[in-house]
Structures are given as structure tokens and as C-alpha cells.
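Okay, here's what each chain looks like letter by letter:
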Amino acid sequence: ICLLAFAITSCKQQPDTFKQLSTLEGKWLMQTPEGTMLEVWEISNDTLYSGKSFSIEGPDTTLSETVQLIQRHDGIYYIPTVSNQNGGVPIPFKLISSEAGEFVFENPTHDFPTKITYKTDQKDKLSASISGKINGEERKMGFEYERVK
């Protein structure tokens, strides 16, 4: 039985949508006043991409998050495990839309964020954001990365 992922992708379309996520592959850097953030994505196989986020402050590099992007029978999932959060338990976010290089993942039962968005121009820019409510107020944090050449 083929399920629709919120009526946006069918089972036949999911592998193509998953392949579109391959634009994340590579190393991405973002400079902040606190230091540098590095996000690294690798294609493990046809149904799994692996990501890691690091914060770099001076000579110190700290792993802050590991992520699995997984193609399952019922959809595509972004599954982060964040250091010092959620007791080390991975939290799944399901892909709810993918249009024009923008991928939106949601988990309405998670405290914050409930939505994770990635958008790439397919070349050297990657925008990511997390959003949701904190104390009843809508919040959004954006991250602008550039590809490491």
C-alpha cells in the first residue's frame, strides 16, 4: 500500500524527492559573532544521508548534533540527535513539503522546534531555519551557510 506524505509526494515521487536532498551533500560554514558553525552532509546510500553539525570556537571544535535523513516506506524523515537535549533521544521530523529546493520537516508534538526548513540554491548557499512556539510565542531562528570549496 502506498501512503501519501500529506498529499505532496506519492511513493513513486519519494525517491526523486529524496534524491533532490542530495544538494545538501558537502561542507557548509556559517560565521557568527560567537564563532563558526560547520554542517557536513554525506550520502550513505539510496535511503540514508548523514549529517553532523559542529561549533568551532578558536582551536576548539564541538559536535553539537548528528542527523539522519531517511527515506522510509511512509515518507522522508529528518532525525536529529542534539547534544545535551531530549536525553540524547533522536527526534523525527517528517517531510511535509518540497518545492523549488525548499524542504520543510515538521513534528508538531515536539516542544521546540516543531518545524525545520532547508533551502539551497543548488550551488553555494544553504539556508536553514528552526521554528515553533516558546511559551506560546512563535519563534524562528535562521542559519545562512556557504559551501566550503
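You'll find the structure just up there.
In this text the structure is predicted, and so the values were computed from the model without any measurement. (Residues numbered from 1 in each chain as written. Predicted model: local features only at pLDDT ≥ 70, side-chain atom pairs only at ≥ 80, totals over all residues. Heavy atoms only, no water.)

What follows is about the sheet that holds strand E1 (residues 26–32). With antiparallel pairing, 10 strands are arranged side by side around a closed barrel as E1-E2-E3-E4-E5-E6-E7-E8-E9-E10. With strand direction ignored, the average angle separating the axes of adjacent strands in the sheet is 25°. Relative to strand E6 (residues 93–99), strand E5 (residues 75–82) runs antiparallel, the two being bridged by two bridges. When the bridges of E6 are listed, Tyr77 appears paired with Lys94. (Pairing = 2+ DSSP bridges. Helix = DSSP H or I, 4+ residues; strand = E, 2+ residues; numbered from the N terminus. Axes fitted to C-alpha atoms, helices over the stretch in contact; angles between N-to-C directions.)

Judged by nonpolar contacts, the single largest core of 24 residues is most densely connected at Leu21, Trp41, Leu69, Tyr78, Phe105 and Tyr118. Those elements that place two or more of their residues in this core are E1, strand E4 (60–72), E5, E6, strand E7 (102–106), strand E8 (115–120), strand E9 (125–134) and strand E10 (137–147). Residues in contact with Tyr118, not counting those within four places in the same chain, are Leu24, Glu39, Trp41, Tyr78, Gly101, Glu102, Phe103, Leu126, Ser127 and Ala128. (Core = buried A, V, L, I, M, F, W, Y, C linked by side-chain atoms within 4.5 Å. Buried < 20%, exposed > 50% of the residue type's maximum accessible area, 1.4 Å probe, protein only. Contact = heavy atoms within 4.5 Å.)

Turning to the pairing of E6, a few remarks are in order. Among the seven residues of E6, six are classified as buried, and the element is accordingly described as predominantly covered. Relative to E7, E6 is paired through five bridges, and the arrangement is antiparallel. Within E7, the residue paired with Ser98 across the bridge is Phe103. What sits between the antiparallel neighbours E6 and E7 is a turn of two residues, in which Ala100 has the positive phi angle 50°.

Bringing the side chain of Thr117 into the picture now. As for its position among the elements, Thr117 is in strand E8. Discounting residues that sit within four places of it in the chain, Thr117 has contacts with Glu102, Phe103, Val104, Ser127, Ala128 and Ser129.

Topologically, Thr61 is positioned in strand E4. With 24 residues separating them in the primary sequence, Thr61 and Met37 have C-alpha atoms 9.3 Å apart. Not counting chain neighbours up to four residues away, the residues in contact with Thr61 comprise Phe54, Ser55 and Ile56.

A word on the packing of aromatic side chains. Applying the stated rule across the entire model yields five aromatic pairs. Judged by centre distance (6.3 Å) and plane angle (50°), the rings of Trp41 and Tyr78 are tilted. Here Trp41 is found in strand E2 (residues 35–45), whereas its partner Tyr78 is found in strand E5, with 37 residues between them in sequence. By relative accessible area, Trp41 is classed as buried at 3%. (Phe/Tyr/Trp six-rings, centres within 6.5 Å; stacked < 30°, edge-to-face > 60°.)

In this section: the pairing of E10. Relative to E10, E1 is paired through two bridges, and the arrangement is antiparallel. When the bridges of E10 are listed, Trp28 appears paired with Arg147. Linkage of E9 to E10, two consecutive antiparallel strands, is achieved through a turn of two residues, within which Asn135 is found at a positive phi near 50°.

Attention now moves to unusual backbone geometry. Only a minority of non-glycine residues have a phi that is not negative, and only a minority of peptide bonds are not trans. A cis amide bond links Phe112 with the next residue in sequence, Pro113, at an omega value of 0°. In this fold, Pro113 is placed in the loop between E7 and E8. Unlike most non-glycine residues, Asn86 shows phi in positive territory, near 55°. With respect to the element layout, Asn86 can be found in the loop between E5 and E6. The partly exposed category is assigned to Asn86, whose relative accessible area is 33%.

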